[in-house]
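In case you want the letters, here they are:
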Amino acid sequence: MYDINGNTMRISVRNLVEFMCASGDIDNRNTGIRDVKAMQEGARIHRKIQKSMGSDYHAEVPLKYTISMISEGGIQYEVAIEGRADGIIADIEENEDGDKIPVTPVIVDEIKTVQTDVSGMREAVYVHKAQAYVYGYIYLKKHNLEEITIQLTYCNPETEEIKKFSEVKTKEEIYGWFDSLMEGYKRWSDFLFDERKIKIDSIGSLEFPFQYREGQKKLVSNVYKAIEGERTLFIQAPTGVGKTISTVYPAVQSCSHGHTDKIFYLTSKTITRTVAEDTYNLLREKGLHFRTVTLTARDKICHLDQRNCNPVACPYAKGHFDRVNDCVYDIITHEQVINGDKVTEYSIKHQVCPFEMSLDVSYWCDGIICDYNYVFDPDASLKRYFGEGSKGNYVFLVDEAHNLVERAREMYSATVVKEHFLECKKKVKDMDKALYNALEKCNKDLLALKRQCNNYMIIDNLSAFPVNLQRCYSLMEKFMDKHKGKPVVDDILDFFFEIRHFLNMYDCLDEKYIIYADHDEETNFCLHLYCANPSGNINLRMNQGISTIFFSATLLPVNYFKEMLSGDEDDSAVYAHSPFNPDNKRVIVARDVTSRYTRRNRNEYEKISDYIHSMALSKQGNYMVFFPSYSFMKSVYDIYTERYPANFIDIRDTLENESDAYISSETNVIMQSSGMGEKEKENFLKLFKYRSDTTLIGFCVLGGIFSEGIDLKEDSLIGAAIVGTGIPMICKERDILRKYFDDWAKNGYEYAYVFPGMNKVLQAAGRVIRTDTDRGVILLLDDRFMTKEYQLLYPREWNMIYPVNVSLVEQCISEFWNTY
């Protein structure tokens, strides 16, 4: 919204008035959404109107005005307001000094494209009028005029129908209005400059809050230098390195030297967002003055049981824009830690939408803690920072960056389903003939593809389908606006977004995409734009900041992640030194068992059960066993219950009583179930409280909720067995991915299967050693781990591997425990 350089704040005319003059309700029934095509069409209409206006019409006139101010804290600063007026209508001549001056009455023209029927408009929208007022003020003041005409020109881009509103403003009127506007804005600009000084002063005396571990100071230095040099950095950061403080601290330091205006801490999991909050709080305890906001998903923070963002259904949506600025100012002047609870508290106090308010709060914060999608997702990203290609002095700290590859593939891929067109046709048949025909045209395009497709097929060219789909989208937008509030709009809304996302991704289409068609499990015919390599799209967003730091405990092999995330193998990478004693763990590989599909039988399941029993028998304590799927896990679980005595706990029972009530003095076994709720997950983990007189074995799914992002320290977990190499299930999409990378002269099997699988293995193995006093065993149950292909992917910390067979595993584990 603004840009600060030294003691000058730059803000566009549009951003200024949209911030200060917006009013009214949040209303999800308005479907007008600014996408690339809409903006292109709007620009075309602008140019057409401008060219039709004659020689006295001067288009895209740059205007700028700078105001000197003194903050409440005594800081002298300037606010530079700038923009381009769509049109200045006047007869302009050059004077003796070569200056261009108007010699006739002046009209400031502001052009707005709207999807509605302009003939029904009764007056100009106030925020649009305010934008023209600012241009009028700057032009009037520059040329010392006594009055100026303000004109709003509205145009529907499809019908090209035009409606104009105009009014004459005297010098006194326009001066008075502008002075009032800037008097209202001054409290915000004062806040920024006063808070910035306090922040910079606090950073100047801020020291690293811990004694540096071996290699940690170098890591902090690498991060700072990457930000200073506006570069990308990849960090392989083993558990215990202190990756959060080692990235946040140098990023905060960069704020004091003019490199950084805002830090985005990005992650895919709630628990790591909490770690980021705790890290900022730790620095605050050391004297840091730094305001952060944690963004919570819209559905999670909504006050309603079922979100419905319109003034009829939600009292917080009604009049939201009338009250939100006072709410934002209230919270930012009273809180430095703005988390979900604080957002909820202040939103109730001021009766505003908590989600939209939190986004507005982020403007005035130094750090934003949020999910990946707020930066990278084309549908959910923060348009106020990244819309229309805008740039800023932003640093992106991407935690658990190994997760971003698959998340980004999902974000940048798109699918349309033929049957959805048929369903929509039925709903609009008697209401809109043009839309009905457009839907039928798209349906015929997909039918032609369907007739060629057996299992699946790769498609080189979509012919006229994108053009027909764009026509369909435009008509749907008009239809939904016309029938706003009717049930039919709710019925087709998801399909509308499906089409919009497909069209937006089609605009991104390049050699990193695969177009293919197939039939889903319900035999629906689907057309996919599959983003095989998301680096191009990710890099576009990275370039809107100054530096990106990717870090994770499992960025191996690092060149794979460079290819998939930034797209540049020349980006810097560091392997942080693990501070943990390597002798505190033992990595054991079973040579006589496998999870290969061809060998999934009772014999293998029995052998796996024996390995699990031997691990648990060697020392009382808590263990987890990770399986490649729920069905595999259930097969081994059933055999384990047959062969070994144990107390088998049903997680559903623990919802009624304390979890501890179900732990017996013997071996206890609990199994993860699909679709576990938060309470079930919480109770599952509570069972892992250490008790010296019991053994607990948790049967879990590899890649699931317990295989990463949980922190079971000390004796809460002393061993993990990982069944299989974690490779994804063989399917059409994975095979398409494999072939894609083969065609690019890569090892497609590794890219599609091995690397993602091994990443899950490393994450699960990382649950065992969480502190420098932890000790434990890692049992890899698949003979493939002994092959060179997998050994090359071992982290450096696995400096010693112990191959065993089932008859020797108990001895190998017991030897490890007997050394302590």
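As a reminder, the structure under discussion sits directly above these lines.
Residues numbered from 1 in each chain as written. Predicted model: local features only at pLDDT ≥ 70, side-chain atom pairs only at ≥ 80, totals over all residues. Heavy atoms only, no water.

(A) The arrangement of the packing of helix H24 (residues 732–743) against helix H25 (residues 748–765) in detail. Here H24 crosses H25 at 130°, and the two axes come no closer than 5 Å. The orientation of H24 with respect to H25, classified from their angle, is oblique. Along its contact with H24, which presents Arg734, Asp735, Leu737, Arg738, Phe741 and Asp742, the element H25 presents Gly748, Tyr749, Tyr751, Ala752, Tyr753 and Pro756. (Axes fitted to C-alpha atoms, helices over the stretch in contact; angles between N-to-C directions. Helix = DSSP H or I, 4+ residues; strand = E, 2+ residues; numbered from the N terminus. Parallel < 35°, antiparallel > 145°, perpendicular 65-115°, else oblique. Contact = heavy atoms within 4.5 Å.)

(B) Region of interest: unusual backbone geometry. Note the cis peptide between leucine 556 and proline 557, where omega equals -5°. Counting through the fold element by element, proline 557 comes out in the loop between strand E20 (547–552) and helix H20 (558–566). Phi at glutamate 160 is positive, roughly 60°, even though this residue is not glycine. For glutamate 160, a relative accessible area of 29% gives the class partly exposed. Its identity is not glycine, yet glutamine 351 carries a phi of approximately 55°, on the positive side. Structurally, the position occupied by glutamine 351 is in the loop between helix H10 (340–350) and helix H11 (354–362). Accessibility expressed as a relative area gives 32% for glutamine 351, which makes it partly exposed. (Buried < 20%, exposed > 50% of the residue type's maximum accessible area, 1.4 Å probe, protein only.)

(C) Molecular detail of the sheet that holds strand E17 (residues 456–458). Reading across the sheet, the 4 strands line up as E16-E19-E18-E17 and stay open at both edges, with antiparallel pairing between neighbours. Unpaired on one side and paired on the other, strand E16 (414–417) and E17 mark the two borders of the sheet. Between one strand axis and the next, the sheet turns through 20° on average, direction left out of account. As paired strands, E16 and strand E19 (residues 525–531) are joined by 4 bridges and run antiparallel to one another. In the sheet register, alanine 414 faces E19, and the bridge partner there is leucine 529. In the packing of helix H14 (residues 404–412) onto the sheet, the strands contacted are E16, strand E18 (513–519) and E19, and the crossing angle to E19 comes to about 130°. (Pairing = 2+ DSSP bridges.)

(D) Quick peek at the sheet that holds strand E21 (residues 572–575). The strand order E13-E12-E14-E11-E15-E20-E10-E21 describes an open sheet built from 8 strands, whose pairing is parallel. Both edges of this open sheet fall to strand E13 (337–338) and E21, since each of them pairs with a single strand only. Summarising the sheet, strand E10 (residues 232–236) and E21 pair through 4 bridges and their orientation is parallel. Residue pairing in the sheet places phenylalanine 234 in a bridge with alanine 573 of E21. On the sheet, H11 packs against strand E11 (262–267), strand E12 (292–294), E13 and strand E14 (367–371) and is oriented at approximately 155° with respect to E12.

(E) Just helix H6 (residues 243–255), in detail. Spanning 13 residues, H6 covers 19 Å between terminal C-alpha atoms, matching the ideal 18 Å at 1.5 Å per step. Most of H6 sits inside the fold, with 13 of its 13 residues counted as buried. (Expected span 1.5 Å × (residues − 1).)

(F) A look at the packing of aromatic side chains. Summed over the entire model, instances satisfying the criterion amount to 55 aromatic pairs. Consider the rings of phenylalanine 264 and tyrosine 385, whose centres lie 5.5 Å apart with planes at 90°: the pair is edge-to-face. With a gap of 121 residues between them, phenylalanine 264 in strand E11 and tyrosine 385 in helix H13 (residues 383–386) connect regions that are remote in the sequence. What makes phenylalanine 264 buried here is its relative accessible area of 0%. The buried category is assigned to tyrosine 385, whose relative accessible area is 2%. Seen in terms of ring centroids, phenylalanine 627 and phenylalanine 699 are 5.3 Å apart; in terms of plane orientation they differ by 20°. Their pairing is stacked. With a gap of 72 residues between them, phenylalanine 627 in strand E23 (residues 622–627) and phenylalanine 699 in strand E26 (residues 695–701) connect regions that are remote in the sequence. For the pair phenylalanine 627 and phenylalanine 699, one class covers both residues: buried. Ring pairs connect the aromatic residues Tyr605, Phe627, Phe632, Tyr637, Tyr640, Tyr644, Phe648 and Phe699, which therefore count as one cluster. Between the NZ or CZ atom of arginine 187 and the centre of the ring of tyrosine 329, over which it lies, the distance is 4.3 Å. (Phe/Tyr/Trp six-rings, centres within 6.5 Å; stacked < 30°, edge-to-face > 60°. Lys NZ or Arg CZ within 6 Å of the ring centre and 35° of its normal.)

(G) Summary view of the environment of lysine 607. Within the fold, lysine 607 resides in helix H21 (residues 602–618). Counting along the chain gives 88 residues from lysine 607 to threonine 695, while the straight-line C-alpha distance between them is 20 Å.

(H) Seen up close, the pattern of salt bridges. This structure, assessed with the given rule, holds 46 salt bridges. Lysine 186 is the partner of aspartate 190 in a salt bridge, and the nearest nitrogen-oxygen pair spans 2.7 Å. Pair noted here: aspartate 190 and lysine 186 are both in helix H4 (residues 171–204), with a separation of 4 residues, about one helical turn. Between glutamate 642 and arginine 602 there is a salt bridge, and its shortest N-O distance comes to 2.8 Å. With glutamate 642 in helix H22 (residues 630–643) and arginine 602 in helix H21, this residue pair connects regions lying 40 residues apart in the sequence. Arginine 602 gets classed as partly exposed once you look at its relative accessible area, which sits at 42%. Overlapping salt bridges bring together Arg602, Glu606, Asp610, Glu642 and Arg643 as one network. (Salt bridge = Lys/Arg side-chain N within 4 Å of Asp/Glu carboxyl O.)

(I) Expanded view of the pairing of strand E4 (residues 76–89). Across 5 bridges, strand E2 (residues 8–12) lies against E4 in parallel orientation. Bridging from a neighbouring strand, arginine 10 pairs with alanine 80 of E4. The pairing of strand E3 (residues 57–70) with E4 spans 13 bridges and is antiparallel. Along E4, the bridge assignment pairs methionine 69 with tyrosine 77. Two strands pair when backbone bridges link them, and E4 and strand E7 (residues 107–113) are joined in this way by 3 bridges, in the antiparallel orientation. Bridge pairing links isoleucine 88 to valine 108 in E7.

Purely geometric stuff here, so don't read any function into it on its own.
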